[in-house]
Amino acid sequence: MPVTHRTTVRPVLQAVLFDMDGTLVDTERLWWEAVEAVADELGHVLTGADQPHVLGRPVEYTAGWLADVTGAPGEETAAELHRRFADRVRTGVVPRPGARELLRALARERVPTALVTASPRTVADTVLEALGAEHFAVSVTADDTGRTKPAPDPYLAACRALGVDPAACVAVEDTQTGVTSAESAGCAVLAVPSLAPIAPAAGRTVLGSLEEVSPARLRAMVAPGELRVMSWNLWCGGTRVEGYREKQLAAITGSGADVVGLQETYGNAARELADALGWYHHRAGDNLGVISRHPITAALGDPDVGFYGGAGVRIELDGGQRVDVWSVHLDCAPYGPYEARFDGLPAAELIAHESGRLERMREILGRIAATREESVPVVLTGDFNVPSHLDWPDVDWPVTRAAEEAGLRDSYREAHPDPEREPGHTWSPVHADHEDGSGRPEPRDRIDFVLHRGLTVLESRTLVAGTPRLWPDVAGNAWPSDHAAVVTVFALPHGAR
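Parameters at a glance
Residues numbered from 1 in each chain as written. Predicted model: local features only at pLDDT ≥ 70, side-chain atom pairs only at ≥ 80, totals over all residues. Heavy atoms only, no water. Helix = DSSP H or I, 4+ residues; strand = E, 2+ residues; numbered from the N terminus. Expected span 1.5 Å × (residues − 1). Buried < 20%, exposed > 50% of the residue type's maximum accessible area, 1.4 Å probe, protein only. Contact = heavy atoms within 4.5 Å. Pairing = 2+ DSSP bridges. Salt bridge = Lys/Arg side-chain N within 4 Å of Asp/Glu carboxyl O.

Caption draft 1: Molecular detail of helix α1 (residues 27-41). In a regular helix each residue adds 1.5 Å, so 15 residues correspond to 21 Å; α1 covers 21 Å between its end C-alpha atoms and thus fits that length. Looking only at α1, the buried set comprises T27, E28, L30, W31, W32, A34, V35, V38 and A39. Buried positions along α1 lie against α2 (59-70) and α3 (74-92). Directly beyond the C-terminal end of α1, a positive phi value near 90 degrees is found at G43.

Have a look at this one:
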């Protein structure tokens, strides 16, 4: 089974649509000051109660409102607001923190951007000159649509001009008026409030600053993300094979994994692999570890676990979604497939001999239940050293059954429900005959798993690099293990942002 090299497939973000005032530049304050000055001259003192009539509103709307409140002529009030605001913009426009950096990052990744503002063209052009008009493929102002915010028209016009689907776009706004416009157009919304608070809602993310925003975070808002999880027994840390560390790194990068549950780490393998990859790691005892391209925010389980047992981590993905990932290694003896094939034990005795492994698995499942938060998905990787009850029609193997009863699903069997057609053997790519020299064929079986709760399986497969030479002539193998790995791709929940 050759390594299948993976090209990272990112969620399709077709465009990012930016509001201007208060979002990219600190003009919301300038606009408020301009309205405040004109209102004061007309005998009206602005208060917080007036914000819905000022923030995010076009000049004509606010002028009409002031005319109703004060009795002043609407057209003259609009002209004066235009003049006062334009004067302030020319002399006091300041980019919001993180605005320039985000625009540059989107340009580097060739994500189209548009400016969508309720300000007039004259003001927008002044701001575009300050920010760099080259950053925007399209600009839509109050002069360009029959209706402006909170109507959806400006965002729909920007999408038409870019030739993109609103549902595949993120609008970045700072006011409730702008949020209403973008959501009415069908866009996902990132709200970064400037003067008035905005509540989170379905399809809406609220952050404190553009400095917290990256292209990856924006991508995560338009499509469910993916998480690629690998389970791998390194076989004595890989030391049975020459150049094992480089071969382990090649296997991990070739798999495209985002997080790897490791067994038989033999000390520092997790740290050394993570350091070489620029990843995060957690070591538990001398045998277990988890490495992750995403930050590890918590260690779960016993950090001093023995050679057999389980330990986990909590990782945080782009967008803030958390996932618990555990690595498990269960006792290697007695080994059920040997007892079944070599000794002819019946199902009842095979099951009875699983009591030790079952007790350890229940302890691990208890630790998972004790640390799990309801909204956090769980992935359990590991070398169980026992087959699955889903694969043997005549033996209800209790270890995998216990995991199933605890709510964990077998990702490989979800993707490949027929065990005869897709056996998914992980033991063993280097053993054709039993090690005792008897010449008996080695029983092949599926004993390495990626189980989960709270995720959706997109695909799952076993993984071995090249065609390994058989034991004991293994030193030159490209695959530095006596187990196949298991790699599962999960879709993250739509609510996980």
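Caption draft 2: Main features of helix α7 (residues 176-185). Listed as buried for α7 are T177, G178, V179, S181, A182 and A185. Residues of α7 that are buried make contact with α6 (153-162), β4 (169-173), β5 (188-191) and β6 (204-206). Just beyond α7, the residue with positive phi is G186, at close to 100 degrees.

Caption draft 3: Representation of the pairing of strand β10 (residues 288-292). With five of five residues buried, β10 lies mostly within the body of the structure. Of the two faces of β10, the one holding L288, V290 and S292 and the one holding G289 and I291 are both buried throughout. The pairing of strand β9 (residues 280-284) with β10 spans five bridges and is classified as antiparallel. Paired with H281 across the bridge in β10 is I291. Counting the residues that bridge the hairpin from β9 to β10 gives three residues, and of these G285 lies at a positive phi of roughly 65 degrees.

Caption draft 4: The pattern of salt bridges, seen in detail. By the definition in use, this model includes 30 salt bridges. Measuring nitrogen to oxygen at the nearest pair gives 3.0 Å for the salt bridge that ties R322 to E373. Of this pair, R322 sits in strand β13 (residues 322-329) while E373 sits in the loop between α13 (355-371) and β14 (378-383), and the two are 51 residues apart along the sequence. Note on R322: relative accessible area 27%, which makes it partly exposed. We classify E373 as partly exposed; its relative accessible area is 33%. One salt bridge in this structure joins R469 and D473, with 3.8 Å as the shortest N-O distance.

That's the geometry; what it means functionally is another story.
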